[in-house]
Each structure stands twice: as structure tokens, then as C-alpha cells.
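Architecture and fold: a report
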Amino acid sequence: MYDFEYHKPTSVADAVKILSADSDARPISGGQTLLPALKHRLNKPTSVVDLSGIAELKGIKRDGNKIVIGAMTRHADVANSPEVKAAIPMLAMLASGIGDPAVRNRGTIGGSVSNNDPAADYPSAVVALNATIVTSGRRIAADDFFQGMFTTALEPGELLVAVEFPIPEKAGYAKMRNPASRYVMAGAFVAKTGGEVRVAINGAAACVFRQKDMEAALSANWSPAAVAAVKQPADDMNSDIHGSAEYRAHLVTVMAKRAVAAAG
Amino acid sequence: MPQVTLTVNGKTHTVEVEARTLLVELLREKLRLTGTHVGCDTSQCGACVVQMNGDSVKSCTTLALQAEGASVTTIEGLAKPDGTLHPMQEAFREYHALQCGFCTPGMVMSAIDLVEKHPQGLSEHEIREGLEGNLCRCTGYHNIVKAIGAAQEVMHGRSATLAPAHAAE
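Residues numbered from 1 in each chain as written. Chains lettered and ligands numbered in written order. Predicted model: local features only at pLDDT ≥ 70, side-chain atom pairs only at ≥ 80, totals over all residues.

1. Observations regarding the overall build of chain B
Within chain B, the secondary structure is distributed over five helices and five strands. Rg of the C-alpha trace for chain B: 16 Å, near the compact-globule value of 15 Å for 169 residues, within the 12% margin. Across its three principal axes, chain B shows a C-alpha extent of roughly 55 × 30 × 25 Å. In chain B, the share of contacts with a sequence separation of at least 24, taken over all contacts with a separation of at least 6, comes to 57%. (Helix = DSSP H or I, 4+ residues; strand = E, 2+ residues; numbered from the N terminus. Rg over C-alpha atoms; globule rule 2.2 N^0.38 Å. Contact = placed C-beta atoms within 7 Å.)

What follows is the structure, encoded as C-alpha cells:
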């Protein structure tokens with residue numbers, strides 16, 4: 001790992017000031033993705049801005065019909081949160097399946113969402129639940145936030161502050177994990193919120209995406225059988241040594257079926 | 001050079017480190033606590049697991065500076081000063097839960113965190129799932145799972161001896 005300057009600001013404003021002044025500065029939350037990348041020298045930041053000293057980024061609260069999760073909230077905290085378990089149990093379940101226990105004790109929702117790894121879990125929940133991304137400067141709809149592999153709408157110097165999840169009537173998540181790496185091969189998060197059905201697929205393509213044929217099928221008939229009849233085209237699916245595009249396309253339908261069954 | 005102040009196994013240290021110094025490098029190279037191992041160095045194998053403020057973390061994927069003000073427990077901090085082993089260590093010995101021993105410090109640290117966070121008790125399946133972030137390449141986990149099952153009964157005061165917790169398969 002190349003050496004860097006280390007900063008530990010205590011407010012979002014101070015963090016933004018450091019990040020805006022230097023385009024080669026990188027924020028660090030739990031570091032579970034950034035540190036392995038730095039070890040491989042895939043990234044050479046001039047400075048690393050540790051967000052763990054910023055109290056306003058931490059915590060989970062229920063605000064009317066929303067659950068608001070601060071960017072620095074760890075996966076273990078979401079998994080064990082009484083507020084999340086009561087309002088969106090499937091989100092707590094998703095968090096409890098990220099990485100392994102030690103990773104969940106460091107990794108954060110803000111880090112995962114702003115990194116937008118194609119195989120990450122959270123992006124599917126953010127899109128399917130139609131969450132709002134709150135940043136240091138604005139509010140971004142889930143549909144506008146995830147733009148491609150490891151790419152989001154965040155501008156340089158802009159910091160993810162919180163994610164607001166509307167509380168759904170129904171929500172379900174299912175994923176197929178690579179047996180060795182445990183990363184998602186294909187996952188599906190299905191949700192019905194205020195009567196609107198959304199289906200978000202993660203792991204299978206370069207970026208999380210909405211499966212609109214499945215949304216239409218579930219809007220007409222909320223049942224595993226309804227999505228079982230929808231075939232995902234293999235065109236844009238990832239293809240690698242772990243699985244062909246055709247295999248992943250097949251998994252999308254299987255995972256969506258399981259997610260609907262889990263949602264009940 | 002930046003400084004970090006942290007408590008390791010009850011003793012407070014202030015150490016000069018580079019910003020890029022990992023927690024495991026601080027423990028092994030600066031404090032000479034070499035019980036914490038580096039296996040994969042990619043946060044997969046769990047040989048480097050220590051407890052930080054009561055949570056198991058991978059010390060190869062944590063900067064030393066991120067441990068500022070933290071209380072860290074390593075494998076060296078488990079036994080009592082008179083040498084009496086922690087029930088989890090004793091259970092690993094009793095059930096022969098190791099072969100080469102390389103993964104053992106991380107296994108023990110993860111296992112203690114797992115048991116402490118599940119006072120209601122863990123099934124054999126839950127123990128296996130809880131060890132997801134720790135790889136052993138010799139014993140195939142079987143005796144490790146048995147040891148943790150027995151240790152949880154002692155740690156939660158339900159048994160005075162390291163009796164098998166789950167029926168043989």
C-alpha cells in the first residue's frame with residue numbers, strides 16, 4: 001500500500017472541505033473495500049479522510065413512514081436494529097448476509113452504496129424500496145443514483161450522508177452466492193410500496209437494474225408463479241469463470257421467485 | 001509521523017505509525033504480539049481477527065489509526081495472568097480443534113464474539129454459519145464446531161465442564 005495523509009474530521013462540512021480541495025483524496029468508512037483496493041495499489045490517494053469521527057453520520061431512526069440510516073452505520077447495526085427489524089425486516093436480513101461477521105462489524109451502508117460494486121447487496125434494496133440518497137448537498141432518487149459499474153451520481157467532494165427507505169407493504173430478498181467468494185452471483189429484491197411494485201436485480205449485470213417485466217407481472221399478480229414465467233434475457237448479463245451470462249439470466253428468475261416467496 | 005493511542009489487552013500504548021500501517025502490523029511488529037496471524041491479507045481467511053471495542057474485526061483490513069482510542073483484545077489477552085486458559089481456548093484443546101494451528105487465534109477470537117452475542121445459545125448449524133469468515137485448511141471444522149458448542153455452555157454458566165453441546169451426527 002502506498003502511504004497517504006490521514007485526516008479525521010468531526011463534521012460533514014470539514015470532510016467535504018478536504019475532499020473538495022483535493023480530487024485525489026478518498027473518504028474511508030469501514031474500509032472493507034477500500035483497504036483491499038489500496039493493498040493492490042489499484043488506487044493511490046494523496047489522503048484518506050476517515051469519516052468515523054463524524055457523529056452526525058451514525059445511527060438509525062424511524063421518521064414517519066421512513067427508516068433513515070446514517071452513512072456510517074455498520075451492517076451489523078442494521079442487521080440488529082429493532083427499528084429496521086420492525087419496519088423492514090428484509091433489510092435487516094439483507095444486512096445480516098453481507099460478507100462475514102467481522103466484515104459486518106466494520107463495513108457501512110454508506111460505503112457499500114457509494115462504491116456500487118455490481119455484486120453488493122445494498123444497491124438492490126435501495127432501488128427496489130425506492131430509497132432516497134441524502135448527500136452533503138442534495139437528495140438523489142435511487143433510480144438516478146446507480147449509473148454503472150462502480151459509478152454513481154456522486155460528484156467529486158460530495159459525501160453520502162444517509163439513506164432514507166420508505167417502509168414497504170411487502171419486501172423480499174434472495175441471492176445466490178458464489179460458493180467460494182460468497183459474492184452475489186445474482187440477487188433479487190422485490191418490494192411493494194404504496195401499491196407500486198419494484199424488482200431490483202443485483203450481481204447479475206454490471207450494475208443493479210430494475211426488471212420491469214417482472215414488476216408488471218407482480219403488479220397484476222403478486223405470486224412466485226407470476227415471476228417464474230418471466231425470462232431474463234442473457235444479453236447484458238455478466239459472464240465469467242464463475243458463471244455464463246445464460247446461467248446468471250436463469251438465476252435472476254429463480255432468485256426473483258424466491259424473493260417473492262420470502263416477502264409473502 | 002502520526003501517533004495512535006489504544007489499549008491492547010488492558011495496557012495503553014501510544015505508538016508512532018505510518019498512515020498506511022495496518023492494525024495487524026501495529027500488533028505484530030510494534031507491540032510484538034505475534035499471536036495474531038496474517039493469512040490471506042485480503043480479509044477472507046480470518047487468521048487476523050481480534051476484538052475491537054467488543055466486536056470481532058479483521059485486523060489486516062483496519063488501519064492502525066482507525067483504532068485510535070479503541071480497546072483491542074488479542075489471543076494473548078485471553079488467558080488469566082496465572083495461565084488459566086479462557087474456556088474457548090480450553091475447549092479447543094479438549095476437542096483437538098486444530099491441526100497446524102495457524103488459523104486458531106482468529107478462530108478463537110471469532111468464536112468468543114459469536115458466543116458472547118448469542119447468550120440464548122447456538123445450534124451446530126449457527127456455529128458453522130458464524131464461522132463464515134474464518135478458514136481452516138487442515139481439520140475441516142468438525143472439531144472446531146464441537147469445541148465452540150461445548151465452550152458456549154461454560155461461558156454462559158450452563159455447564160461447569162466442557163461436555164459436548166450437540167448430539168453426534
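2. Things to note about the interface of chain A and chain B
Taken together, the 19 residues of chain A in the interface contact 24 residues of chain B. Those elements giving two or more residues to the side of chain A that touches chain B turn out to be strand S1 (5-7), helix H2 (34-39), strand S3 (47-50) and helix H6 (101-104) of chain A.

3. Brief notes about the sheet that holds strand S12 (residues 184-193) of chain A
Residue and element names in this part refer to chain A. Pairing in this open sheet of four strands is antiparallel, and the strands run S11-S12-S13-S14 from one edge to the other. The sheet terminates laterally at strand S11 (170-177) and strand S14 (209-210), the two strands that pair on one side only. Of the pairings in the sheet, the one linking S12 to strand S13 (residues 196-202) comprises seven bridges and is antiparallel in character. Bridge pairing in S13 links Gly-187 to Asn-202. Helix H10 (residues 212-220) rests against S12, S13 and S14 of the sheet, and its axis sits at about 145° to S13. With respect to the sheet, helix H12 (residues 245-263) is in contact with S11, S12 and S13, its orientation differing from that of S12 by roughly 40°. (Pairing = 2+ DSSP bridges. Axes fitted to C-alpha atoms, helices over the stretch in contact; angles between N-to-C directions.)

4. Topic: the sheet that holds S1 of chain A
All names here are of chain A. Strand order across the open sheet formed by three strands is S1-S3-S2, with parallel pairing between neighbours. With one partner strand each, in any of the chains shown, S1 and strand S2 (25-28) form the two edges of the open sheet. Strand-to-strand twist in this sheet, taken as the mean axis angle between neighbours without regard to direction, amounts to 25°. As paired strands, S1 and S3 are joined by three bridges and run parallel to one another. The residue bridging His-7 from the neighbouring strand is Val-49, located in S3.

5. Things to note about the pairing of strand S4 (residues 60-63) of chain A
On any regular strand, side chains alternate: one points to one face of the sheet, the next to the other face. Residue and element names in this part refer to chain A. As paired strands, S4 and strand S5 (residues 66-70) are joined by four bridges and run antiparallel to one another. Bridge pairing links Arg-62 to Ile-67 in S5. Between S4 and S5, which pair antiparallel in sequence order, lie two residues; one of them, Gly-64, sits at a positive phi of approximately 65°.

6. What to know about the pairing of S12 of chain A
Residues and elements named next belong to chain A. For S12, a buried count of 10 out of 10 residues is recorded, marking the element as mostly surrounded by other parts of the structure. Taken together, the eight bridges between S11 and S12 define a ladder with antiparallel strand orientation. For Lys-170, the partnering residue across the bridge sits in S12 and is Lys-192. Between S11 and S12, which pair antiparallel one after the other, the connecting turn spans six residues, and Arg-182 there sits at a positive phi close to 70°. Between S12 and S13, which follow one another and run antiparallel, lie two residues, and Gly-194 among them has a positive phi close to 55°. (Buried ≥ 20, exposed ≤ 12 C-beta atoms within 10 Å, placed from the backbone.)

7. Here we look at helix H1 (residues 23-30) of chain B
All names here are of chain B. Those residues of H1 that sit buried are Leu-23, Val-24, Leu-26 and Leu-27. Angularly, the buried residues of H1 cover 165° about the axis, an arc narrow enough to put them on a single face. Looking at the residues trailing H1, positive phi occurs at Arg-32, about 55°. (Arc of directions from axis to C-beta.)

8. Looking at unusual backbone geometry
With the exception of glycine, most residues fall at negative phi, and the peptide bonds are largely trans. For Asn-116 of chain A, which is not glycine, the phi dihedral falls at a positive 50°. Along the chain, Asn-116 of chain A turns up in the loop between helix H7 (109-115) and helix H8 (122-128). The exposure class assigned to Asn-116 of chain A is buried, which follows from the 23 C-beta atoms found within 10 Å. If you check the backbone angles, Asn-53 of chain B has positive phi at about 50° while not being a glycine. Along the polypeptide, Asn-53 of chain B turns up in the loop between strand S3 (49-52) and strand S4 (55-58).

9. Structural notes on the confidence of the model for chain B
Within chain B, residue pLDDT values average 95, and 99% of them lie at 70 or more. Reported for the predicted complex are a pTM of 0.96 and an ipTM of 0.95. (pLDDT = per-residue confidence, 0-100.)

10. Digging into the packing of helix H2 (residues 87-94) of chain B against helix H5 (residues 142-155) of chain B
Residue and element names in this part refer to chain B. Where H2 contacts H5, the axes come no closer than 8 Å and their chain directions differ by 145°. The two elements H2 and H5 meet at a crossing, and its hand is right-handed. Only Ala-147, Ala-150, Ala-151, Val-154 and Met-155 of H5 make contact with H2, whose side of the interface consists of Pro-87, Met-88, Ala-91, Phe-92 and Glu-94. For the contact of H2 with H5, a count of residues per class yields nine nonpolar, no polar and one charged. (Left-handed = near helix turned anticlockwise from the far one by under 90°. Nonpolar A, V, L, I, M, F, W, Y, C, P; charged D, E, K, R; others polar.)

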